[in-house]
Amino acid sequence: NNHALYLASAGEHSGALKAAQEAVAMYSRLAKTNPAYEPDLATSINNFAKSLSETGDRPGALKAAQEAVAICRSLAKTNPAAYESDLAISMNNLV
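Residues numbered from 1 in each chain as written. Predicted model: local features only at pLDDT ≥ 70, side-chain atom pairs only at ≥ 80, totals over all residues. Heavy atoms only, no water.

Visitor: Is there a simple way to think about the packing of helix 4 (residues 58-78) against helix 5 (residues 80-92) in this case?
Guide: Packed helices, taken two at a time, are described by their axes: the angle between them and the distance between them. Where helix 4 contacts helix 5, the two axes come as close as 7 Å, and the packing angle between them is 160°. For the element pair helix 4 / helix 5, the angle class is roughly antiparallel. Of the two possible hands of crossing, helix 4 and helix 5 adopt the one that is left-handed. Residues A68, V69, C72, R73, L75, A76, K77 and T78 of helix 4 lie in contact with helix 5, whose contacting residues are P80, Y83, E84, D86, L87, S90 and M91. Of the residues contributing to the contact of helix 4 with helix 5, the split by class is nine nonpolar, two polar and four charged. (Axes fitted to C-alpha atoms, helices over the stretch in contact; angles between N-to-C directions. Helix = DSSP H or I, 4+ residues; strand = E, 2+ residues; numbered from the N terminus. Parallel < 35°, antiparallel > 145°, perpendicular 65-115°, else oblique. Left-handed = near helix turned anticlockwise from the far one by under 90°. Contact = heavy atoms within 4.5 Å. Nonpolar A, V, L, I, M, F, W, Y, C, P; charged D, E, K, R; others polar.)

Okay, structure coming up:
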């Protein structure tokens, strides 16, 4: 995730997109067997959405951001104190 963010801040948007996509794939695999990785997956998907937006794929960015919101909403439902702030951040990315 951090690598993608550093690439984006350096203007390397296509590299950032690839790195973010790899992070999403890794966290998706991890979260399937261990739900403790779901918050990291949501963060990775948010970063991926940002990268998609920066490369001009606004519909893809919206879809990814909505996926992150869905994960965060589920997490916040089970533990509001821990995850409502993450849900708020994810919802803000929809704007």
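Visitor: I tried to follow the packing of aromatic side chains on my own but got confused; where do I start?
Guide: Given two aromatic rings, one states the distance between the centres and the angle between the planes to describe the pair. Per the stated rule, a full pass over the model turns up one aromatic pair. Both rings, one in Y27 and one in Y37, keep their centres 6.2 Å apart while their planes meet at 40°; by these two values the pair is tilted. Placement of the pair is Y27 in helix 2 (residues 13-33) and Y37 in the loop between helix 2 and helix 3 (38-54), with a sequence separation of ten residues. Residue Y37 is classed as partly exposed on the basis of its relative accessible area, which comes to 29%. (Phe/Tyr/Trp six-rings, centres within 6.5 Å; stacked < 30°, edge-to-face > 60°. Buried < 20%, exposed > 50% of the residue type's maximum accessible area, 1.4 Å probe, protein only.)

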